[in-house]
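Architecture and fold: a report
Spelled out from the first residue to the last, the chains are:
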Amino acid sequence: MQDTVVSSKKYNFIYHNISNRFNVGINNISPKSFKKHLDFFSNLPDISICFDDAYEDIYIHAFPLLKKYTFNKIIFPITDYIGKYNKWDVNFIINKKMHINKNQILDLDNNGWIIGSHGKSHISYKTLNDNQVYEDLSKSKDSLEKLLNREVSIFTPPFGYLDKTHIPLIIKAGYKKIYLNSSYLDNSIYDNSIKIEGRLNVYKHDSIHSLKRKIEGHKIQSLIDKYIHYCSNATVFVKKIS
């Protein structure tokens, strides 16, 4: 019997990859598990399913599964890597994956998916100065708008990290909404000048029970997710010294 959660709140869930491939780490979820998640989410009234990095596997596996659901579907490509392998990833040799190509992005767009920016090169903004951050923001936005022939107004930062000082740069680049992982959300980050929505990360080990705990804001579950998310800083460190 499927667990249910009665809520009128809006929830944004963030995935990275959906496939049956071997993958080191916890960001790759099988299509079978993903389908179970979707069936569970169908009990909730206002759901967005987000995909960071925009791997081709999302087009191959997630796109067909999501067709029967009315959720908002949002994908955030890295514009320098559209149609290319994920050489930005420090685990590239083990976790080599192709990113979505331009025609696939256009197909998703034509099928009602929302296309947002995940930056130009997937470099953490912790390691960039303001001019470099603005260049990453504006060039990725321009690339997507030229491809789609319309405005791209939403953004989510590489590695989920965002400092409050970046918000004026995001506004200057022309974005109207930021999607930010819940691990980085606190009262200090909110700004009346732009809309900010939180997201709940979903990992390979997540069960329906743990998804329910995320939705309910369970403190221990939140601490577990925050610890996992902070481990991504190791990738940022390795990239910085390489």
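Description of the structure in this document. (Residues numbered from 1 in each chain as written. Predicted model: local features only at pLDDT ≥ 70, side-chain atom pairs only at ≥ 80, totals over all residues. Heavy atoms only, no water.)

Description of the overall build of the protein chain
In plain terms, the rule: Note on conventions: DSSP H or I runs of at least 4 residues are helices, E runs of at least 2 residues are strands, and numbering of each starts at the N terminus. With the radius of gyration taken over C-alpha atoms, the globule rule is written as 2.2 Å times the number of residues to the power 0.38. Only protein chains enter the area calculation, which uses a 1.4 Å probe; residues under 20% of their type maximum are buried, those over 50% are exposed, and those in between are partly exposed. It only takes one pair of heavy atoms within 4.5 Å for two residues to be counted as in contact.
On a plain count of helices and strands, the protein chain comes out with eight helices and nine strands. Taking 242 residues into account, the globule formula puts the C-alpha radius of gyration at 18 Å, and the protein chain, at 17 Å, falls close to it. Across its three principal axes, the protein chain shows a C-alpha extent of roughly 55 × 40 × 35 Å. Across the 242 residues in the protein chain, those meeting the buried criterion constitute 51%. Considering only contacts within the protein chain whose residues lie at least 6 apart along the sequence, 68% involve residues at least 24 apart.

Brief notes about the packing of helix H1 (residues 31-41) against helix H2 (residues 56-66)
The packing of two helices is summarised by the inter-axis angle and the distance between the axes. Selection rule: Note on method: axes are straight lines fitted to C-alpha atoms, helices fitted across the in-contact stretch only, with angles between N-to-C directions ranging 0 to 180 degrees. Here roughly perpendicular refers to angles of 65 to 115 degrees, roughly parallel to angles under 35, roughly antiparallel to angles over 145, and oblique to all remaining angles. Take the far helix as the reference: if the near one is turned anticlockwise from it by less than a right angle, the crossing is left-handed, and if turned clockwise, right-handed. The nonpolar class holds Ala, Val, Leu, Ile, Met, Phe, Trp, Tyr, Cys and Pro. Asp, Glu, Lys and Arg form the charged class, and all remaining residues, Gly among them, are polar.
H2 packs onto H1 with a crossing angle of 30° between their chain directions and a minimal axis gap of 11 Å. The angle between H1 and H2 falls in the class roughly parallel. For the pair H1 and H2, the crossing hand works out as right-handed. Contacts between H1 and H2 involve Pro31, Phe34, Lys35 and Leu38 from the first element and His61, Ala62, Leu65 and Leu66 from the second. A per-class count over the contact of H1 with H2 returns six nonpolar, one polar and one charged.

Section: the sheet that holds strand E7 (residues 154-155)
Just so we agree on the cut-off: At least two DSSP bridges between two strands are required for those strands to pair.
Read across the open sheet, the seven strands follow the order E6-E5-E4-E1-E9-E8-E7; overall the sheet is parallel. Each edge of the open sheet carries a strand with a single partner, namely strand E6 (114-115) and E7. Here E7 pairs with strand E8 (residues 177-181) via two bridges, running parallel. Bridged to Phe155 within E8 is Ile178.

Overview of the layout of surface pockets
For clarity, the threshold we go by: Note on definitions: the grid is 1 Å and covers protein atoms alone; a cavity is a set of points where a 1.4 Å probe fits but cannot get out; a pocket is an open set with protein on both sides within 12 Å along at least five of seven lines; lining residues have an atom within 4 Å of a point. Grid points are joined across faces, edges and corners, and a volume is the space filled by probe spheres set on the points.
Counted as a void, the second largest pocket has a volume near 520 Å³. Lining the second largest pocket are 22 residues, with Lys9, Ser182, Leu185, Arg199 and Leu200 positioned closest to its centre. For the lining of the second largest pocket, the secondary-structure elements that each account for two or more residues are strand E1 (10-15), strand E9 (195-201), helix H6 (208-216) and helix H7 (219-230).

So, the pairing of E1
Burial analysis of E1 places five of its six residues in the buried class, which makes it a mostly covered element. Relative to strand E4 (residues 46-53), E1 runs parallel, the two being bridged by six bridges. If you follow Asn12 over to E4, its bridge partner there is Ser48. Bridge count between E1 and E9: two bridges; the pairing is parallel. In the sheet register, Ile14 faces E9, and the bridge partner there is Asn201.

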